[in-house]
Amino acid sequence: MPPRRPRRPRESPALLAFGRQMRRLREAKGVKQETIAHITQVSGPQVSKIENGRKRATRSFVEIVDESLEAEGALVSLWEDLNKDGHPVPIWFDWPKIETDAAMLVCWQHSVIPGLAQTQAYALTIVHGNHEAAEVRMNRQALLYKEDDGGPALVVFLIDEQVLYRRVGTSEVMRDQLEHLIELSTLPNVTVQVVLGGGDHDGNMGAFVLATMADRSEIAYAETAVRSITTDDPADLSVLARTLVDLRSRALTQEMSCELIRKVAKERWT
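Here the structure is a predicted model, which means the values were calculated and not measured.

Participant: Please clarify how the sheet that holds strand E6 (residues 229-231) should be interpreted in this entry.
Facilitator: Each strand in a sheet pairs with its neighbour through backbone hydrogen bonds, running either in the same direction (parallel) or in the opposite one (antiparallel). Taken together, the 6 strands give an open sheet; going across it, the order is E3-E2-E1-E4-E5-E6, and neighbouring strands pair in mixed fashion. Lying at the two open borders of the sheet, with one neighbouring strand each, are strand E3 (190-195) and E6. Strand-to-strand twist in this sheet, taken as the mean axis angle between neighbours without regard to direction, amounts to 15°. Note that strand E5 (residues 218-222) and E6 share 3 bridges and pair antiparallel. Looking at the pairing, Tyr221 lines up with Thr230 of E6. Its contacts with the sheet place helix H10 (residues 234-250) against strand E1 (104-109), strand E2 (154-160), E3, strand E4 (208-212), E5 and E6, and it is angled at close to 110° to E4.

Structure (structure tokens):
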């Protein structure tokens, strides 16, 4: 049975603050939301979500709106302030909501099975037996099966070959996990590909997830030794795009990947 869909997180105070200020400036100039949508090439519902604190605005969007409303940089300054506060990345990104709302997710993992593809036993081992943390991870997987909001997201799992051989828990846990990967690959919205090990490539620098939203904007979530970061900086996205091109050039097809996963499960973990 698919895991239950997690409750949506509460709105970020920073998102609400930005949205209210943008609405005040817009209404003071007598400009309609439809006009903002037209000049920014963003849909009307998306503009409404930004003003209601339900969606984060990109810098390029803010710059266009600021100029259109003759805000003299006030809106851009607010956006910049909300991206500071001593944090290396925007503090008002809400990754759980981004992940749930994404139209497509491309997940690269070089050390363990991606969280969205983990079995409960595998997840429990990763989080050192913390049942609450494992349950949260299981609930996140509901996005693979959701039927509302336009259906489930397209999800691509790119997994380093060595992950298949790296023991997490018992042999039974590993075997069940690899069989679960094969089962996930049968879903029409899920692709599982193994990236062949060996050689140097940018993917060795760390795991990440690239989310493409309904409006085609992109947001990335990357893991580091200190903390995980979330970014929509064009320079960061460009680096990840090049990395994905390299990774996909090294990846087996889904059919070949499943054959390899099945072979490893039988020969290594049985």
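Here the narrative resumes.
Participant: I keep staring at the packing of helix H1 (residues 13-28) against helix H3 (residues 44-51) and nothing clicks. Help me out?
Facilitator: The axes of two packed helices give the description: the angle between them and the distance between them. Interhelical geometry of H1 versus H3 gives an angle of 115° and a closest axis separation of 7 Å. Regarding the angle of H1 to H3, the classification is roughly perpendicular. Facing Leu15, Phe18, Gly19, Arg20, Met22, Arg23 and Arg26 of H1, the residues of H3 in contact are Val47, Ile50 and Glu51. Broken down by class, the residue content of the contact of H1 with H3 amounts to 5 nonpolar, 1 polar and 4 charged.

Participant: Mind showing me how you'd approach the nonpolar core here?
Facilitator: Nonpolar side chains in soluble globular proteins tend to be buried together. Ranked by internal contacts, the top residues of the largest apolar core, which has 38 residues, are Leu105, Phe157 and Leu181. If you list the elements that add at least two residues to this core, you get helix H6 (95-101), E1, E2, helix H9 (171-184), E3, E4 and helix H11 (254-267). Per-element accounting of this core gives the leading share, 6 residues, to H9. Among all residues touching Leu105, those that are not within four sequence positions of it are Glu99, Leu116, Leu143, Leu154, Val155, Val156, Val209, Leu210 and Ala211.

Participant: What exactly am I supposed to notice about the state of the cysteines here?
Facilitator: Here a disulfide denotes a covalent bond joining the sulfur atom of one cysteine to the sulfur atom of another. Scanning all chains against the criterion turns up 0 disulfides. No disulfide involves Cys107; its nearest neighbouring cysteine sulfur is the one of Cys258, lying 16 Å away.

Participant: It is not clear to me how unusual backbone geometry should be interpreted in this structure. Could you clarify?
Facilitator: Note: most residues except glycine have negative phi, and most peptide bonds are trans. In this structure, Gln41 takes a positive phi of about 60° despite not being glycine. As for its position among the elements, Gln41 is in the loop between helix H2 (33-40) and H3. In this structure, Glu72 takes a positive phi of about 55° despite not being glycine. Take Glu72: it is sitting in the loop between helix H4 (59-68) and helix H5 (74-81). A relative accessible area of 79% places Glu72 in the exposed class.

Participant: Hey, could you run me through H1 in this one?
Facilitator: Since the α-helix advances by 3.6 residues per turn, residues separated by three or four positions end up pointing in the same direction. Spanning 16 residues, H1 covers 23 Å between terminal C-alpha atoms, matching the ideal 22 Å at 1.5 Å per step. Where H1 is concerned, the buried positions are Ala14, Leu15, Phe18, Gly19, Met22 and Arg26. The buried side chains of H1 occupy one side of the element, clustering within an arc of 125° when seen end-on. Pointing more than 90 degrees away from the buried face of H1 are the exposed residues Pro13, Arg24, Glu27 and Ala28. Those residues of H1 that are buried are in contact with H2, H3, H4 and H5. Where H1 ends, the next residue or the one after it, Gly30, has phi of about 70°, a positive value.

Criteria and cut-off values
Residues numbered from 1 in each chain as written. Predicted model: local features only at pLDDT ≥ 70, side-chain atom pairs only at ≥ 80, totals over all residues. Heavy atoms only, no water. Pairing = 2+ DSSP bridges. Helix = DSSP H or I, 4+ residues; strand = E, 2+ residues; numbered from the N terminus. Axes fitted to C-alpha atoms, helices over the stretch in contact; angles between N-to-C directions. Contact = heavy atoms within 4.5 Å. Parallel < 35°, antiparallel > 145°, perpendicular 65-115°, else oblique. Nonpolar A, V, L, I, M, F, W, Y, C, P; charged D, E, K, R; others polar. Core = buried A, V, L, I, M, F, W, Y, C linked by side-chain atoms within 4.5 Å. Buried < 20%, exposed > 50% of the residue type's maximum accessible area, 1.4 Å probe, protein only. Disulfide = S-S within 2.5 Å. Expected span 1.5 Å × (residues − 1). Arc of directions from axis to C-beta.

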